[in-house]
Each structure stands twice: as structure tokens, then as C-alpha cells.
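Structural description and commentary
Listed below, chain by chain, are the residues.
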Amino acid sequence: MSWLRNLALKACLLAMTALAPPAPAFAQSPSASAKAATDRPAIQRSTPPTAELEAYVDGIVRDSLVQDHIVGATVAIVQDGRVLLKKGYGAASLSPWRPVDPDRTLFRLGSVSKTFTWLTVLKEAEAGRLRLDAPINLFLPETVQVRDQGFAEPVTLRSLMSHSGGFEDRALGHLFERDPARIRPLVIYLRQERPRRVHPVGQLSSYSNYGAALAGETVAWASGKPFERLAEDILFQPLGMQRTTFREPRPFRADLPAPMAPSLAADLSQGFTWNGYAFSPESFEYIGQIAPAGSASSTADDMARYMMALLDGGRVGETRVYGERTARALQTPLRLTPTGVNGWRHGFIAYALPGGLSGFGHDGATLTFMTNMTLVPELGLGIFVSTNTSTGRALTQRLASRVVEEIVGRPTAWPRAPSAQLYAYRRLYEGRYLGTRRAYSGLEGMLERLTGELRVEVTPEGRLVTREGGRLQTWVPEGPANAGRFISDTGWERRIFILQDGRTSQILTSLNTQVYERAPFWSRKDLLAGAAGATGLAALLTLAFAIFRSRRDFRQTAIQARAGLLQGLQSILWLSAIALAAAWGAVTRESDLIFDWPGLLLLAASACALVATFLTVACAALLPLVLRSGRRVDSWSALRRAGFTATVVVSLVLSLLLGLWGGLSPWAG
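Residues numbered from 1 in each chain as written. Predicted model: local features only at pLDDT ≥ 70, side-chain atom pairs only at ≥ 80, totals over all residues. Heavy atoms only, no water.

**Quick word on the side chain of Ser-298**
Mapped onto the fold, Ser-298 is located in strand β7 (residues 297-298). For Ser-298, a relative accessible area of 0% corresponds to the buried category. Polar contacts involving the side chain of Ser-298 include one to the side chain of Thr-244, which spans 2.6 Å. With sequence-adjacent residues up to four places away left out, Ser-298 is seen in contact with Thr-105, Leu-106, Phe-107, Leu-109, Met-241, Arg-243, Thr-244 and Met-303. (Helix = DSSP H or I, 4+ residues; strand = E, 2+ residues; numbered from the N terminus. Buried < 20%, exposed > 50% of the residue type's maximum accessible area, 1.4 Å probe, protein only. Polar contact = N/O pair within 3.5 Å; in protein donor to acceptor, adjacent residues only side chain to side chain. Contact = heavy atoms within 4.5 Å.)

**Here we look at empty space enclosed by the protein**
Empty space within the largest cavity amounts to approximately 40 Å³. Considering the residues around the largest cavity, the lining is formed by Leu-160, His-163, Ser-164, Gly-165, Gly-166, Phe-167, Ser-206, Ser-208 and Gly-211. Looking at the lining of the largest cavity residue by residue, the classes come out as two nonpolar, seven polar and no charged. (1 Å grid on protein atoms, 1.4 Å probe; cavity = no way out; pocket = protein on both sides within 12 Å on 5 of 7 lines; lining within 4 Å. Points joined across faces, edges and corners; volume = space filled by probe spheres on them. Nonpolar A, V, L, I, M, F, W, Y, C, P; charged D, E, K, R; others polar.)

**Considerations on the pattern of salt bridges**
Note that side chains of opposite charge can pair when their charged atoms are close. Counted according to the given criterion, the structure contains 33 salt bridges. Put simply, Lys-87 and Glu-54 hold a salt bridge, and the shortest N to O gap is 2.8 Å. Of the two residues, Lys-87 sits in strand β2 (residues 82-94) while Glu-54 sits in helix α4 (residues 50-67), which places them 33 residues apart along the sequence. With relative accessibility at 27%, the residue Glu-54 sits in the partly exposed group. Across the pair Lys-87 and Asp-58 runs a salt bridge, and its minimum N-O distance is 2.9 Å. In this pair, Lys-87 is assigned in strand β2 and Asp-58 in helix α4, connecting sequence segments 29 residues apart. There is no split in this pair, since Lys-87 and Asp-58 are both buried. (Salt bridge = Lys/Arg side-chain N within 4 Å of Asp/Glu carboxyl O.)

**Remarks on the environment of Gly-166**
Topologically, Gly-166 is positioned in the loop between α6 (157-161) and α7 (186-192). Distance in space between the C-alpha atoms of Gly-166 and Ser-205 is 7.9 Å, their sequence separation being 39 residues. Not counting residues up to four positions away in its chain, the partners in contact with Gly-166 are Arg-196, Arg-197, Val-198 and His-199.

**Notes on the packing of helix α18 (residues 558-587) against helix α20 (residues 600-628)**
The angle between the axes and the distance between the axes are what describe a pair of packed helices. α20 packs onto α18 with a crossing angle of 155° between their chain directions and a minimal axis gap of 8 Å. Taken together, the axis directions place α18 and α20 in an arrangement best described as roughly antiparallel. When the axes of α18 and α20 are compared, the crossing they make is left-handed. Of the residues contributing to the contact of α18 with α20, the split by class is 26 nonpolar, six polar and no charged. (Axes fitted to C-alpha atoms, helices over the stretch in contact; angles between N-to-C directions. Parallel < 35°, antiparallel > 145°, perpendicular 65-115°, else oblique. Left-handed = near helix turned anticlockwise from the far one by under 90°.)

Right, here's the structure in full:
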């Protein structure tokens, strides 16, 4: 249904985008990486004149504003310590109309905010107030300390910087707020929304907003200052970023940090969605309850200053904002990964770029703002772009690569050629996979199993196809067809298939924000739908039989009478659960999932299914007694006993599947 396909909105949350354990077999050693860098020919860069670069970027951005239905965008490009381009496009608001001003208009940064958070952590570590490899609980108040939950290895700041703390990812109903009265202090949010630990520390990278917020609380606790104030004192003011803030425009509250200054709030861009025929202005998306993970706002001018400092080892004129130790950390991956896969440069994402170049930075998204910051040290280059419309992701994801291509030369052959041998190895790769960045239980876990599946197929001509939600991508082998390494046939993104026992067990992505694992057979959507359909049909037939059965069918033992009553009750409850779930799917909007999760209808459906499951188990317990009395005259007919048995079996199958999917946990949300 369309409401399920539209759950690609969850991708917006996905982009808000310990040293590694002993390297697995596919990992590339540091010496191999160094040799690859040495063997690569020197980059021949020829930066176009500023006027030509501006014209080139204008063409890309203005075309995107029209084709992708974007209200406004802001761009900054720097190189070798100077600003090459700083420009606003379109509107910051439509009523009244207000143009985007790169010096004044603030855009929401989403998860680009995390780069500020990681820098505060590194600076506090330089000052000796934090230790990256010590248990994080040493730097947290007791109420938010991480519980072991059966895992022996403690979570550390370094593991949070590589998103390998092992947390599940929950977002619905609490990551964003539209009512400022619902914003909670960071320490309360961290205590109340504590996720489960589902992987050992350091085992794999799985993006965690909660982990970033936890890191922000450590620097606040160590410094004795609210996080928002600390970021201003040790980053924004020294960098001269006077129009950058983690604060949000809301009424003053004594239990929260001070709100955004009115002078900045007046220049905030409005956020928009495109509904297919018109732009819809959206209310402000509050993220202050998890501020270190995504609440920052900034201008293109401030982000240009920030990028120049990052490219120059933290220097701003005669001032150095952070030391050599932090500068080295930003160049050092925390995880050993194959070439082209992000190894997390102390919280910053590593990007594979045209011409064999490597960059670093971060993606970011709220529900309406899309952002990217990419730095390319070998070119001394930094590119920042942000849009104020939910349809801006394509522009923010491709602009940096397009600018790099313009400098180092465009590729000459698109798409890349398929592999004639790949189809013979299709059984290695084809199948269904689930990402590790998800809720693992409860109704949110069930929803993500329904909407977050990745399907892999191989075409006869030799291309690998991945389908996730409404997104389709095609890939070709990078090397032997059975080696598990693929590259986009029209870009630089990669997929690494980890082969085990003659088939893929995991898939790594270029961003490495999660690992895709082969899905178990019971997580098939068609299996759940079939079980629900069979149970619904059995329930309808049971109730119809109760209404229209003949006088002979009233013969029954005392045990059968009780079993029949339970069968009728569970049928009513199963039908109610199915009807309520269908009604929830029909009326639920995307914003309801984010702000009002899980909703009364879904809770009622889950509660009905839970009680129906208990009744089904009771019927199953009575089944031997029901069948044993079958030879007696005052007993059910063979047809009714068969119907009762079939009802029990299909209901048990549905109960088991719902239990595995998380659908029987209304209290877990």
C-alpha cells in the first residue's frame, strides 16, 4: 500500500546519516591502504575560475530547484583557505516571500550537527577531562549510565564515534517534536528513551542518534555546562560562527537551555514539503531533546568558515581552535574496512569520490531540511549544501561529486559495463536482507520489518539490482564476479557482500551506517500476510457457522462447549485486530508516524492480537480433549472437529509470526 511505500520517510531519520575489533577476513590492512594511496597517480586538478564554477553550480542547483521541487537552497564552496562560492537560491519563506541570504539565512543541519559534537568530545579529551577508551559511564550521571544488558564489553566514546556501541535504533514518537512543551532535558530524554543493546561493542557500525546524544551529555557533564553553551564557548565563538547555534526558537523554560536568540530566529528558513502539486510550509521540527545529535542551525557563510578550519587543522587566522591530536584524529579511520567503505574518522563520514579521491564530512536531514558537507583534503576543497524542502536529498547527495568531477575531470563511460559471468553466481547474492539500524522489538520493530527490507536480484545481462522501499539501484562487479565487491554503474558508491558458506551473510555500504544481514525465512511479508488472511477467513467461517449451524451441531461435551466459546471469542478478536490494523494503515499519515507513534488504532490492534493469542493457546491446550471425545454420540461432528483444528493451527501460526515480528507488544511501542 502507498502508506507503506511512503515509509521511505524513515530514510530521513537514517541520514540525520573502541577501535575496531580484530579485522575480519575482508578488511584491508593500513599498509595496503597506504600502498594504494602511494600507487595512485597524482591528482591533476585545475580549479575553474570563480565565474565558471559559479555558473556550473548555478546550473546544477537551479535545475534541481525546478525538477526536484525545492523552495530554497544555500551553498558554500571553499578551497585553499578562500571562499570560491557562497550563494543562496530560491526562497527562505513564501508568505511573506523572503530570499535565501547565504550570510544571514539559517538552515537546519540535521546530523551535520554531530560533527560539532565529535569536535567537542575531542577537545575535551585533549584537555584531559575525557578519555576516549575508558568506559563511558565514568563520564555520565548515574541516571543515564549505560546498562550492560548481558554484554561484557563497556561502551566507550571511541565506540560511539564509530557508531559501534551496539544500540538498536528507535526514532518514532520521540526523535522529533512539533510541540515545544513536549521537549525534555537531554538527561531525562536519555534516561527515558534508553535503547536496547543488541550487538557487542565494536562488532559492527550501526548509526545511532542516541549514541551521539550520549556523547554530548559526557562533555556537558565533564564541563559542568549545558551542551548548547559549551559548543558556543569552545567552537562557535573561536571559529567566528556567530550565526550558528544548537538552540531552537521556543518559549523560555527554566528546565531547558535558553532558546535561540530572536535575531537568529527571525532569519530561520521555513521548512517545506511538496505534496505533488504545491509546496506545504511545515511547522518547526524540534530536536532539542536530543540536541547533540541534530538540532544545529547555521548559514552558508558560517559553514564556509568551519570548512576552512577543518581543512587547515583547526586554524582560524592566528588562532588554532583545536590541537594537532584532534587534527590527526579527523584523518584517522576507527574501523578497518574495504576500500570505498567508510571507516568513521572519529565520527566524521569518509566518502569515496571521483578520481579515486577520498573525502570526509557528514550528511544531515530533518523531516524537511537536507544537508551535506564534504571536505576533500587532497584538493584543499570543501563543499556545503543545504535545502529547505524534503525533496532536496538528490541535490545534497550529488553536488559534492559533481564539483569534484569538474575539478579532476569527468568520467568518460557511463553506465559501467555489466559482467557476463555475474549471472552464474547469482545464488551467492540474491535474497532478502534487513538492516541493523532499526528497532529490534515492539511495534516499531514490526513496522521496520515491513518497510525496511532490502531485496537483491541479478539480471541475466550481469547487473546486480538492489530494491529498498521505492529506491532501486544497479551495480556491477568491481573485480571477479564471485568476489562480492560491487560499484554503482553510474557513480562511486559501493556494496561489499560478505560471503560465508556459499552465500552472502552481510552487506556493507559505502557510508557504513548499518550492515544488512540476510533475513530469516519467517520475516517474509507474504508469509505474514498469508497467515493473517487464513486466520481472518477461519474466524469468519467460525462465526458464520455459529449463526447458521443445524440442531445436530449443538451436540457437544462440556469440554467442547468451553472450547467453542473460546474459539468464538478468539475469532472476534482476530477479526478486530485485522480490521483495526487495516484502518490504521488507511488513515495514518507520515507525520503521525513521527510525532504520534504508535497511535490508538495500532495499539488497539496489537492488544486484540495479544488477547487472541492467549485464547488461541488455550484452544490448542484443549485440542486433544476435543478430539478424544469424538466417538461419543453427544459430540461434535467430524467436520466441526476438523474446522476447530484448522482454526487453531492457522491462529497459532499467526500468533507465532506476530510474536517474532514484535506485533504482540503494545506496551513496547
